[in-house]
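Descriptive analysis of the structure
Below, each chain spelled out in residue letters.
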Amino acid sequence: MTVEQLPTLNACLNAAAAALMTAAYVFIRLGMPRAHMRAMLCAVAISSLFLASYLFYHWQVGATAFPGTGALRLAYF
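These notes cover the structure that comes with them. (Residues numbered from 1 in each chain as written. Predicted model: local features only at pLDDT ≥ 70, side-chain atom pairs only at ≥ 80, totals over all residues. Heavy atoms only, no water.)

Let us now look at the packing of aromatic side chains. The full count for this structure, using the stated rule, is 5 aromatic pairs. Between Phe56 and Trp59, the ring centres sit 5.7 Å apart and the planes meet at 55 degrees, which makes this aromatic pair tilted. One end of the pair, Phe56, and the other, Trp59, are both in helix H2 (residues 33-61), 3 residues apart, so they sit about a helical turn from each other. For Trp59, a relative accessible area of 65% puts it in the exposed group. Residues Phe66 and Tyr76 carry aromatic rings whose centres are separated by 4.1 Å and whose planes lie at 10 degrees to one another, so their mutual orientation is stacked. (Phe/Tyr/Trp six-rings, centres within 6.5 Å; stacked < 30°, edge-to-face > 60°. Helix = DSSP H or I, 4+ residues; strand = E, 2+ residues; numbered from the N terminus. Buried < 20%, exposed > 50% of the residue type's maximum accessible area, 1.4 Å probe, protein only.)

Between the first and last C-alpha of H2 there are 41 Å, a value that for 29 residues agrees with the 42 Å anticipated at 1.5 Å per step. Every buried residue of H2 is listed here: Ala39, Ala43, Ile46, Phe50, Ser53 and Tyr57. On its buried side, H2 packs onto helix H1 (6-29). Following H2 by one or two positions, Gly62 adopts a phi angle in the positive range, close to 90 degrees. (Expected span 1.5 Å × (residues − 1). Contact = heavy atoms within 4.5 Å.)

With respect to the element layout, Ser53 can be found in helix H2. Setting aside its immediate chain neighbours within four residues, Ser53 contacts Leu6, Leu9 and Asn10.

Looking now at H1. Because the α-helix completes a turn every 3.6 residues, residues three or four places apart line up on one side. Its 24 residues give H1 an end-to-end C-alpha distance of 34 Å, which sits within 8% of 34 Å, the value for a rise of 1.5 Å per residue. Within H1 the residues assigned to the buried category are Leu6, Asn10, Leu13, Ala17 and Ala24. The inward-facing, buried residues of H1 contact H2.

So, on to the state of the cysteines. Note on terminology: a disulfide is the covalent bond linking the sulfur atoms of two cysteines. Counting across every chain of the model gives 0 disulfides. With no disulfide of its own, Cys12 lies 17 Å from the sulfur of Cys42, the closest cysteine sulfur. A relative accessible area of 41% means that Cys42 is categorised as partly exposed. (Disulfide = S-S within 2.5 Å.)

The next subject is the environment of Ser48. In this structure, Ser48 sits in helix H2. Relative accessible area serves as the criterion here: at 43%, Ser48 is assigned to the partly exposed category. The spacing of Ser48 and Leu13 is 35 residues in sequence and 9.4 Å in space, taken between C-alpha atoms.

Structure (structure tokens):
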């Protein structure tokens, strides 16, 4: 895996963590505490992988400026 592929990996890890947290919410609402706990632990693990990947990417690449202008830039921020 190259450094250029890390933003895609980061997005996938974030999506997986969000899906797991959504599942955990459903599990707790359905009265399934063990499934809730497992989903939350997996979400924490995936979020930790995201943080490591994110920090490594920015350690290698540095800061990146948003290139857009006008309303697009305002919406981004």
